[in-house]
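Coordinate analysis (summary)
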Amino acid sequence: PYGVQHARTSSSHEAMIRIVIDTNVFVAAAYNPRSASCKIVSGVEGGQFKLIVSPDILRELETVLPKAVRSKEAQARFRQLIQYAETVTPAEVPYVTADRSDDKFLAAAVTGQAEAVITNDEHLLAVHPHQGIAIMRPTAFWNRVDRRP
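What counts as what
- Residues numbered from 1 in each chain as written.
- Predicted model: local features only at pLDDT ≥ 70, side-chain atom pairs only at ≥ 80, totals over all residues.
- Heavy atoms only, no water.
- Axes fitted to C-alpha atoms, helices over the stretch in contact; angles between N-to-C directions.
- Helix = DSSP H or I, 4+ residues; strand = E, 2+ residues; numbered from the N terminus.
- Parallel < 35°, antiparallel > 145°, perpendicular 65-115°, else oblique.
- Left-handed = near helix turned anticlockwise from the far one by under 90°.
- Contact = heavy atoms within 4.5 Å.
- pLDDT = per-residue confidence, 0-100.
- Buried < 20%, exposed > 50% of the residue type's maximum accessible area, 1.4 Å probe, protein only.
- Pairing = 2+ DSSP bridges.
- Salt bridge = Lys/Arg side-chain N within 4 Å of Asp/Glu carboxyl O.

1. Quick word on the packing of helix α2 (residues 36-45) against helix α4 (residues 72-83)
Following both chains from N to C, one finds α2 and α4 inclined at 45°, their axes separated by 10 Å at the closest point. The orientation of α2 with respect to α4, classified from their angle, is oblique. Considering how the two elements wind past one another, α2 and α4 form a crossing that is left-handed. Counting all contacts with α2, which are made through C38, V41, S42, V44 and E45, the residues of α4 involved are R77, F78 and L81.

Laid out in structure tokens, this is it:
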């Protein structure tokens, strides 16, 4: 049931909020359909948010999600969603966080001009904001965008 109709883009591409989603948020979305993580994923499907990824993020998703997400339906949903993401290739991935493996999310956000990085990772949250980009937990991000007019 996750076909093209769910991956439509907004009629006003510029109005979409550009976001980078950490792998842990996809995992959380798979296990709790009422969570802010799941609402954000649904928002990407519905065209409220534009998902920004990089080749490094795609490699992590392809490696981690099949192991961490048991539901074949959720895996298929995420694969479909990622096909409609905007892929950016950062010129470099500078050292920013205490965990080098997290820096790819910041590099993609900067290159893709994202408004926010959505994560539950403490290493990423510790560097909020980064070059004007908000780094937020899913609940905080959802509460912020849910109140927009």
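2. A look at the confidence of the model for the protein
Averaged over all residues, the pLDDT of the protein equals 88, while 89% of them reach at least 70. The least confident element of the protein is α4, whose mean pLDDT is 92; the most confident is strand β4 (residues 116-118), at 98. With pLDDT under 50 throughout, residues 1-14 is counted as low confidence; its partners more than four residues away or in other chains account for 20 contacts.

3. So, the pairing of strand β2 (residues 49-53)
Burial analysis of β2 places five of its five residues in the buried class, which makes it a mostly covered element. Side chains F49, L51 and V53 of β2 all project onto a buried face; the interleaved residues K50 and I52 project onto the opposite face, where all are buried too. Alignment of strand β1 (residues 17-21) against β2, held across three bridges, turns out to be parallel. The residue of β2 that forms the bridge with I19 is L51. Bridging between β2 and strand β3 (residues 86-87) involves two bridges; their strand directions are parallel. Note that in β3 the partner of V53 across the bridge is T87.

4. Points about the pattern of salt bridges
Within the structure shown, the criterion is met by seven salt bridges. Across the pair K104 and E60 runs a salt bridge, and its minimum N-O distance is 2.7 Å. Placement of K104 in helix α5 (residues 103-111) and of E60 in helix α3 (residues 55-68) is noted, with a sequence separation of 44 residues between them. What makes K104 buried here is its relative accessible area of 12%. Across the pair E115 and R144 runs a salt bridge whose closest N-O atoms are separated by 2.7 Å. Highlighted residues: E115 in the loop between α5 and β4 and R144 in helix α7 (residues 138-146), separated in sequence by 29 residues. For R144, a relative accessible area of 32% corresponds to the partly exposed category.

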